[in-house]
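Chains, contacts and geometry: an overview
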Amino acid sequence: MTFVQIIDCKTSRFDELNRLMDQWVEQTRGKRTATHSTVGQDRSDSAHVVEIVEFPSYDVAMRNSQLPETDRIFREMIALCDEMPSFTDLDVVRDEALYKTQSRRLLDMLAHEPELALLDDVLAEGYHDHDPTNEQDVIGMDATQRAVEMWRGGFDFDFTVEDQIAEGDRVCTRWTWRGTHNGDFLGLQPTGIDATMTGTLVHRFHDDGKIVEGWWQYDLLGLMGQLGAVEG
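Rules used throughout
Residues numbered from 1 in each chain as written. Predicted model: local features only at pLDDT ≥ 70, side-chain atom pairs only at ≥ 80, totals over all residues. Heavy atoms only, no water. Helix = DSSP H or I, 4+ residues; strand = E, 2+ residues; numbered from the N terminus. Contact = heavy atoms within 4.5 Å. 1 Å grid on protein atoms, 1.4 Å probe; cavity = no way out; pocket = protein on both sides within 12 Å on 5 of 7 lines; lining within 4 Å. Points joined across faces, edges and corners; volume = space filled by probe spheres on them. Nonpolar A, V, L, I, M, F, W, Y, C, P; charged D, E, K, R; others polar. Pairing = 2+ DSSP bridges. Axes fitted to C-alpha atoms, helices over the stretch in contact; angles between N-to-C directions. Parallel < 35°, antiparallel > 145°, perpendicular 65-115°, else oblique. Buried < 20%, exposed > 50% of the residue type's maximum accessible area, 1.4 Å probe, protein only.

So, the side chain of Ser103
- Relative to the helices and strands, Ser103 resides in helix H4 (residues 96–112).
- Apart from residues lying up to four places away in sequence, Ser103 is in contact with Gln164, Val171, Thr173, His203 and Phe205.

Here we look at the layout of surface pockets
- Put simply, the largest pocket is a space of about 480 Å³.
- For the largest pocket, the lining is made up of 25 residues, of which Asp131, Ala147, Val148, Trp151 and Trp216 are closest to its centre.
- Breaking the lining of the largest pocket down by element, the ones donating at least two residues are H4, strand E5 (123–130), helix H5 (141–154), strand E7 (155–167), strand E8 (170–181) and strand E10 (211–218).
- Top contributing element to the lining of the largest pocket by residue count: H5, with six residues.
- For the lining of the largest pocket, a count of residues per class yields 19 nonpolar, three polar and three charged.
- In this model, the second largest pocket occupies a volume close to 310 Å³.
- In terms of lining residues, the second largest pocket is bounded by 19 residues, among which Gln5, Ile7, Trp24, Thr70 and Phe87 are the most central.

Some words on the pairing of strand E1 (residues 3–10)
- Note: E1 against strand E3 (residues 48–55), eight bridges, orientation antiparallel. Residue pairing for E3: Ile6 is matched across the bridge by Ile52.
- Summarising the sheet, E1 and strand E4 (residues 86–91) pair through six bridges and their orientation is antiparallel. Each bridged residue has a counterpart across the sheet, and for Ile7 the counterpart in E4 is Phe87.

Brief notes about the packing of helix H1 (residues 14–27) against helix H3 (residues 68–80)
- Across the interface, H1 lies against H3 with an axial gap of 10 Å and an inter-helix angle of 180°. Classified by the angle their axes make, H1 and H3 are roughly antiparallel. Along its contact with H1, which presents Glu16, Leu17, Leu20, Met21, Trp24 and Gln27, the element H3 presents Glu69, Thr70, Arg72, Ile73, Glu76, Met77 and Leu80.
- For the contact of H1 with H3, the class distribution of residues is seven nonpolar, two polar and four charged.

Things to note about the sheet that holds strand E2 (residues 36–41)
- Here four strands make up an open sheet; going across it, the order is E2-E3-E1-E4 and the pairing antiparallel. Only two strands of the sheet have a single neighbouring strand rather than two, namely E2 and E4. Taking the axes of each pair of neighbouring strands and ignoring which way they run, one obtains an average angle of 15° across the sheet.

Quick word on the environment of Lys100
- Within the secondary structure layout, Lys100 lies in helix H4.
- On a C-alpha basis, the gap between Lys100 and Ile165 in space is 7.9 Å, while along the polypeptide they are 65 residues apart.
- Once residues lying within four places of it in the same chain are set aside, the contact partners of Lys100 are Gln164, Ala166 and Val171.

Examining unusual backbone geometry
- Unlike most non-glycine residues, Leu186 shows phi in positive territory, near 50°.
- By the secondary structure assignment, Leu186 is in the loop between E8 and strand E9 (194–205).
- Look at Leu186 and you get exposed, because its relative accessible area is 52%.

Quick word on the side chain of Thr173
- Tracing the backbone through its elements, the reader meets Thr173 in strand E8.
- Apart from residues no more than four positions distant in its own chain, Thr173 is found in contact with Ser103, Leu107, Val161, Asp163, Gln164, Gly199, Thr200 and Leu201.

Focus on empty space enclosed by the protein
- If you walk through the whole model with that rule in mind, you get two cavities of 30 Å³ or more.
- For the largest cavity, the calculated volume is near 90 Å³.
- Of all the elements in the fold, those that place two or more residues in the lining of the largest cavity are E1, H1 and E3.
- Ranked by the residues each element gives to the lining of the largest cavity, the list is headed by H1, at four residues.
- Computed from the structure, the second largest cavity encloses a volume of approximately 40 Å³.
- If you go around the second largest cavity, the residues you meet are Thr2, Val92, Val93, Arg94, Asp95, Leu98, Tyr99, Asp207, Asp208 and Gly209.
- Grouping the constituent residues of the lining of the second largest cavity by class yields four nonpolar, two polar and four charged.

Encoded structure:
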């Protein structure tokens, strides 16, 4: 679960504090485990400064706090503050930006990840996939891998993300698929044809950032028409 720490302080020496943060980033390069950091200055009180630091998990954040550079910078930061800063530790229970990133990551993995077992980095155990072209829904990691292997057996392909909309625990992604038909697909022998298909994918997320359920919509009939399997 993603972890965020909020550091709230008062300082009349903001420029010095800012330079100190730059030193911290430089001195911990390659060792610091934070994935994102944002510093904000209160519009109504320029001495009020808030830093929001994001980590992949609480355990990772604790490893960061144990770095010798972190301890030294912390003591120097306190010296620059007008009063003792406060720290708020938060487990992230909803992050729509993270969900959108995970949806894009899954599409990339479907096209390029050689180790399909790594799909469980983004898919929850028991993931439920709804595909209107399948007679039965795909449920579980084994079934998901078989579905991916079917497409990979027929095409070298890639996805381009055109649009994404996130709301609550769901992300809708509009995508363009481009593939070269170089293997058997649904009984159709390879044609070497370059084909294009558009579609949408809706994902539902668990609060740990993994995808629980997916709903696909795409023009399979149009794809088969490009491959010469149907007329019109």
